[in-house]
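A structural walkthrough
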Amino acid sequence: MKQKPTFHLLILILVVVGCQPKKTQEVSETEQVGKDTLITSSPLSVDEEPILEEEMMEDIEFMPPIESKSYFGITVGDSTMTHAKVLRSGSLKNGEGAFPVHYILWKKDTLGYTYGENVIESIHIWDSRGTTLEGVRVGGTFAEIKQFLKNPVVHGSEMESRVHVFHEKHLYRLDYYNANYEIDISQIPDSVVVKEIILTR
């Protein structure tokens, strides 16, 4: 009769000891998942601060309007030095060669570029978040341009056969190509998109 408690106690000790390796293994697996997560996440640079989700949404959804001669606080005719915080010198290559430009940067995005060495002669917009006062944006369609501008003036060019819609101080470069200056706009598909918006003097 006295051996039963001792026997039960021995069984209990063996059960407790037997369970310990399993618990250790579970903790180890949890730590490994944590390390994997840290390794695969993008590290922040020294000068970079974490972006809150609300701030990120604002960056994605909001961009200043494209005005007659200005965008993102930059105006045609401004000195490039005035906007040194957002402009970075670079070069742009096309069929005609390489040209010095100043790229417009916002965080990790390139919004477009300005042309002109010391004075901004034109602003070229690639970002699709800003719109003109009429509602035209990069990525919009030719059908929308016809709706917003009613009677768009369209011309081709010998330079890489680029086609632009001309409207006041703006040029809308289309993803459509024709070397002829005079173009029948009925031949341009409604689905053709705007590749670039150019603000001129």
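Remember, predicted model here, so these are calculated numbers, not experimental data. (Residues numbered from 1 in each chain as written. Predicted model: local features only at pLDDT ≥ 70, side-chain atom pairs only at ≥ 80, totals over all residues. Heavy atoms only, no water.)

If you walk across this open sheet you meet the eight strands as S3-S4-S5-S6-S10-S9-S8-S7, and the pairing is antiparallel. With one partner strand each, in any of the chains shown, strand S3 (87-94) and strand S7 (153-155) form the two edges of the open sheet. Between one strand and the next, the sheet's axes are offset by a mean angle of 30°, whatever the strand orientation. Sheet topology places strand S4 (residues 97-106) next to strand S5 (residues 109-115); five bridges connect them, and they run antiparallel. What sits directly across from Leu105, in S5, is Thr110. (Pairing = 2+ DSSP bridges. Helix = DSSP H or I, 4+ residues; strand = E, 2+ residues; numbered from the N terminus. Axes fitted to C-alpha atoms, helices over the stretch in contact; angles between N-to-C directions.)

The next point concerns the packing of aromatic side chains. On inspection of all chains with the given rule, the structure shows five aromatic pairs. Ring centres 5.8 Å apart and planes at 75° place the aromatic pair Phe72 and Trp106 in the edge-to-face group. In this pair, Phe72 sits in the loop between strand S1 (70-71) and strand S2 (74-75) while Trp106 sits in strand S4, placing the two residues 34 residues apart along the sequence. Owing to a relative accessible area of 18%, Phe72 belongs among the buried residues under this scheme. In textbook terms, an aromatic cluster arises when at least three aromatic residues are bridged by ring pairs, as seen for Tyr71, Phe72 and Trp106. Here the guanidinium or amino end of Lys107 rests over the ring plane of Trp106, the centre of that ring lying 5.4 Å away. (Phe/Tyr/Trp six-rings, centres within 6.5 Å; stacked < 30°, edge-to-face > 60°. Buried < 20%, exposed > 50% of the residue type's maximum accessible area, 1.4 Å probe, protein only. Lys NZ or Arg CZ within 6 Å of the ring centre and 35° of its normal.)

Before going further, it helps to spend a moment on the nonpolar core. If you look at the biggest cluster of nonpolar residues, it comprises 30 residues, and the most contacted ones within it are Ile145, Leu174 and Ile197. Elements with a minimum of two residues in this core: strand S6 (122-125), helix H3 (142-149), strand S8 (162-167), strand S9 (170-177) and strand S10 (194-199). In this structure, Ile145 is in contact with Val136, Lys150, Pro152, Val165, Tyr172, Leu174 and Val194, ignoring residues within four places of it in sequence. (Core = buried A, V, L, I, M, F, W, Y, C linked by side-chain atoms within 4.5 Å. Contact = heavy atoms within 4.5 Å.)

One number sums up the size of the second largest pocket: a volume of about 440 Å³. Along the walls of the second largest pocket sit 20 residues, with Tyr113, His124, Met159, Arg162 and Ile198 positioned nearest its centre. Put simply, the parts of the chain that give the lining of the second largest pocket at least two residues each are S3, S4, S5, S6, S8, S9 and S10. Residues belonging to the lining of the second largest pocket are distributed by class as follows: nine nonpolar, six polar and five charged. (1 Å grid on protein atoms, 1.4 Å probe; cavity = no way out; pocket = protein on both sides within 12 Å on 5 of 7 lines; lining within 4 Å. Points joined across faces, edges and corners; volume = space filled by probe spheres on them. Nonpolar A, V, L, I, M, F, W, Y, C, P; charged D, E, K, R; others polar.)

Bringing the side chain of Glu196 into the picture now. As for its placement among the helices and strands, Glu196 is situated in strand S10. A relative accessible area of 3% places Glu196 in the buried class. Side-chain polar atoms of Glu196 contact the side chain of Trp126, separated by 3.0 Å. In contact with Glu196, not counting residues within four places along its chain, are Tyr113, His124, Ile125, Trp126, Val138, Leu171, Tyr172 and Arg173. (Polar contact = N/O pair within 3.5 Å; in protein donor to acceptor, adjacent residues only side chain to side chain.)

Tallied over the full model, the rule gives five salt bridges. We note a salt bridge from Asp127 to Arg129, for which the minimum N-O separation is 2.8 Å. Side by side, Asp127 and Arg129 carry an identical accessibility label, which is buried. Among the ionic pairs, Arg162 bridges to Glu160, the shortest N-O distance being 2.7 Å. A residue is classified by how much of its surface remains accessible, and Arg162, at 13% relative accessible area, is buried. For Glu160, a relative accessible area of 32% corresponds to the partly exposed category. Salt bridges sharing common partners tie together Asp109, Asp127 and Arg129. (Salt bridge = Lys/Arg side-chain N within 4 Å of Asp/Glu carboxyl O.)

Note that His83 resides in the loop between S2 and S3. Within the structure, His83 has its side chain in polar contact with the side chain of Asp78 (distance 2.8 Å). The contact partners of His83, leaving out residues within four places of it in the chain, are Gly73, Ile74, Thr75, Asp78 and Ile120.

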